[in-house]
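Structural overview for review
Spelled out, the chains give:
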Amino acid sequence: MPDDKTYSPGVMKYVAEAKKLMAEREAHLAEVKKWKFDTIAVHGLYSVEEALSRNQGAVIEPLYLSASQAYRDSDELEAALAYLVPTWCYTRIANPTTYYLEWALALLEGYKTGHDTSCLVTASGMSAIMSATDPFLVKQKDGPEKINFVSCVQVYGGTFQHFSVRKMRERGIEVRWVLHPEDVNEWKAKIDENTRFLYMEAPSNPQQSFCDSKMLAELAHSWEIPFIVDATCATPALMRPINCGADIVVHSLTKSITAGGLAIGGALISRKPIVTKVKNDHPLFKESFAEYVKFLPYRDNGPAASPVNAMFALNDLRTLRSKMDLLSQNCQKVAEFLQGHPKVYRVDYLGLPSFPHHGLAKKYMKLVDSDDGKGSEVNRYGHLMSFGVDGPPENARKAFDRFKLIYRATDLGRIKSVATIPAISTHQQQGEEARRMADIPPQLIRLCVGGEDPDDVIADLDQALKAV
Ligand SMILES: *Cc1c(COP(=O)(O)O)cnc(C)c1O
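Bear in mind the structure is a predicted one, so any value in this text is a computation, not a measurement.

Reading the values: the criteria
Residues numbered from 1 in each chain as written. Predicted model: local features only at pLDDT ≥ 70, side-chain atom pairs only at ≥ 80, totals over all residues. Heavy atoms only, no water. Helix = DSSP H or I, 4+ residues; strand = E, 2+ residues; numbered from the N terminus. Contact = heavy atoms within 4.5 Å. Pairing = 2+ DSSP bridges. Axes fitted to C-alpha atoms, helices over the stretch in contact; angles between N-to-C directions. Near = heavy atom within 4 Å. Polar contact = N/O pair within 3.5 Å; in protein donor to acceptor, adjacent residues only side chain to side chain. Areas by Shrake-Rupley, 256 points an atom, 1.4 Å probe, with all protein chains shown as cover. Nonpolar A, V, L, I, M, F, W, Y, C, P; charged D, E, K, R; others polar. Salt bridge = Lys/Arg side-chain N within 4 Å of Asp/Glu carboxyl O. Buried < 20%, exposed > 50% of the residue type's maximum accessible area, 1.4 Å probe, protein only. Parallel < 35°, antiparallel > 145°, perpendicular 65-115°, else oblique. Left-handed = near helix turned anticlockwise from the far one by under 90°. Disulfide = S-S within 2.5 Å. Domains from an automatic or database assignment. Buried area = accessible area lost by both parts, 1.4 Å probe.

On to the environment of Val-121, then. Mapped onto the elements, Val-121 comes out in strand 1 (residues 117–122). Along the sequence, Val-121 and Val-378 sit 257 residues apart, while their C-alpha atoms lie 30 Å from each other. Beyond its immediate sequence surroundings of up to four residues, Val-121 is in contact with Thr-98, Leu-101, Glu-102, Leu-105, Leu-253, Gly-266, Ala-267, Tyr-298 and Ala-305.

This is how it looks when you write it as structure tokens:
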């Protein structure tokens, strides 16, 4: 109950009724938390009981398209709008289908981390990133004029634009770029008392840069600020940064989590509680950041997810672990082929021992609930890689234009193999200087290997590279 306001007996009747439902859900949640990763991914919080008592026995979570919810009387309306009872009111605020996705993601991201988590699903990965960062960038009473945050420079192109244009140029909030995120000292040198958070993308798209999450989380916490990680390319099947101390994880659900490619979406998952020195009167701000964002700024800013998209994401999520295993193994095979190809001068893939960040990734990227026969989980490195084609940039374009099976698209995380040339697509807007800083030469082709037989992908690459 939020404040000291008192409510009528009619309202309190609904609160008491809701308490019963909440106790039932709590009991079920405790059971779900005992399950393995795959079981949580398949069922989430939706249960046989939930199906039979409230959803006409539907085996699959129903898709609630209604924009709003009706109430029995004014007392229930009052209880709902004061957030005294579980409710969804209006799809900009919440929706039953989105609710199941949020819980599944919260549980998967918190899996075996020893932490409770909460999740907010948004319209896109970018809106998740905006929702995760903006609450820390508000002006504080008697606070400094100039505030900043520190981020690795190897971020998704949209994130680079959002940080450098929307936040820095338009709002005067300084972003301090770290060029070598694997070097903790570079992060240390960029932080001061006006730094509001540390931001890392791991593995980064497309450079596959990586960081020592544990050390960065410790560093952030020593300054009483949160460590935020975009783990889109890893997914919770391969890495759960909350395990290493991260406060907030963001995802573009559009990518590997919805590998089927039918929906746009984002997610923000936070650990309970997060570390921050930003003062905010609302208790949820620190205690359950994702819920705070959901009930307040998200409600007011409006980046709501569509329940249709939530349904597609939920459906793809069920097989996440086995899919990431297969896709990673396929990518490994393709990367090894390219590494031995005479027309390829460079292959960036975390799974290659010769790749500079391999050691760090080996420490952090492991297929959840797998077993190497010796009691450890096996390493899997995801399905994103890039390779550089020998000679002038035209050569890369020539090979790229000859792909027959592989799609040319600025897409990734798909069940179908897709490739792009980042310098002329995803990273075109940021200019040559920024591309040099982020190490994205025009010869670089980003390839995200899908679920095809890897031999067929290799054959396509081989015939395309003959054009060079
Ligand atoms: C695509 C992507 C985003 C942005 O997500 P959208 O769903 O396209 O808004 C953010 N981070 C990473 C790593 C991405 O690949």
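From this point, the discussion proceeds with the structure in view.
If you trace the five strands from one edge of the open sheet to the other, you get 8-9-12-11-10, paired in mixed fashion. If you trace the sheet from one side to the other, it starts and ends with strand 8 (344–348) and strand 10 (407–408), each paired once. Pairing between strand 11 (residues 418–420) and strand 12 (residues 444–448): three bridges, direction antiparallel. Within the sheet, the bridge partner assigned to Thr-420 lies in strand 12 and is Arg-446. Each of strand 8, strand 9 (384–389) and strand 12 is contacted by helix 15 (residues 320–339), which is oriented at about 15 degrees to strand 9, the strand it contacts most.

Before going further, it helps to examine the site of the ligand. Near the ligand there are 13 residues, and of these Gly-125, Asp-230, Ser-252, Thr-254 and Lys-255 occur at the shortest range. One nitrogen or oxygen atom from the main chain of Met-126 is found 2.9 Å from an oxygen atom belonging to the ligand. Take Asp-230: an N or O atom from its side chain is 2.7 Å from a nitrogen atom of the ligand. In the complex, 93% of the free accessible area of the ligand, which totals 380 Å², lies under the protein chains. Among the residues forming the shell around the ligand, the class breakdown is three nonpolar, seven polar and three charged.

Turning next to the side chain of His-162. Following the sequence through the fold, His-162 ends up in helix 7 (residues 157–171). One polar contact links His-162 to Lys-167, side chain to side chain, over a distance of 2.9 Å. Beyond its immediate chain neighbours, meaning those up to four positions away, His-162 contacts Met-126, Met-130, Thr-133 and Lys-167.

It is worth spelling out the pattern of salt bridges at this point. For the structure on display, the rule yields 27 salt bridges. Between Asp-134 and Arg-171 there is a salt bridge, with the nearest N and O atoms lying 2.9 Å from each other. A residue pair is termed long-range when its members are at least 10 positions apart, and Asp-134 in the loop between helix 6 (125–133) and strand 2 (148–152) and Arg-171 in helix 7 qualify at 37 residues. Residue class for Arg-171 comes out partly exposed when judged on its relative accessible area of 42%. With a shortest N-O distance of 3.4 Å, Asp-462 and Lys-466 are connected by a salt bridge. One network of salt bridges, in which partners are shared, links Glu-17, Arg-72 and Glu-76.

Burial of strand 4 (residues 195–201) is extensive: seven of the seven residues sit out of reach of the surface. Relative to strand 4, strand 2 is paired through three bridges, and the arrangement is parallel. When the sheet's bridge partners are listed, Val-150 is paired in strand 4 with Leu-198. Here strand 4 pairs with strand 5 (residues 227–230) via four bridges, running parallel. Looking at strand 5, one finds that Tyr-199 is bridged to Ile-228.

Interhelical geometry of helix 15 versus helix 19 (residues 454–465) gives an angle of 30 degrees and a closest axis separation of 9 Å. Considered as vectors, helix 15 and helix 19 are oriented roughly parallel to each other. When you trace helix 15 past helix 19, the crossing you get is right-handed. Note on element contacts: helix 19 touches helix 15 through Pro-454, Asp-455, Val-457, Ile-458, Leu-461, Asp-462 and Leu-465, opposite Asn-330, Lys-333, Val-334, Phe-337 and Leu-338. The residue inventory of the contact of helix 15 with helix 19, partitioned by class, reads eight nonpolar, one polar and three charged.

A separate point is the state of the cysteines. Inspection of every chain in the model, using the stated rule, returns zero disulfides. Cysteine Cys-89 remains unbridged, with the sulfur of Cys-119 as its closest cysteine sulfur at 19 Å. Free of any disulfide, Cys-152 has its nearest cysteine sulfur in Cys-211, 7.4 Å distant. Residue classification places Cys-152 among the buried positions, given a relative accessible area of 0%.

What follows concerns the domain arrangement of the protein chain. Each assigned domain of the protein chain is listed with its residue range as follows: domain 1 (88–317) and domain 2 (320–465). Using only C-alpha atoms to locate each centre, domain 1 and domain 2 end up separated by 25 Å. Counting residues at the interface gives 42 residues for domain 1 and 42 residues for domain 2. Taken together, both faces of the contact between domain 1 and domain 2 bury some 3300 Å²; the carbon and sulfur share is 62%. Together, Pro-206, Gln-208 and Leu-238 form the three largest contributors to the area buried by domain 1 at its contact with domain 2, with a combined 22%. In this structure, the connection of domain 1 to domain 2 is made through 19 residue pairs in polar contact (both at pLDDT 80 or more). Listed by contribution, the elements that provide at least two residues to the side of domain 1 that touches domain 2 are helix 7, helix 9 (213–222), helix 10 (235–238) and helix 14 (307–317). Among the elements that take part in the side of domain 1 that touches domain 2, helix 10 stands out by supplying four residues, more than any other. When grouped by side-chain class, the residues that make up the side of domain 1 that touches domain 2 number 21 nonpolar, 14 polar and seven charged.

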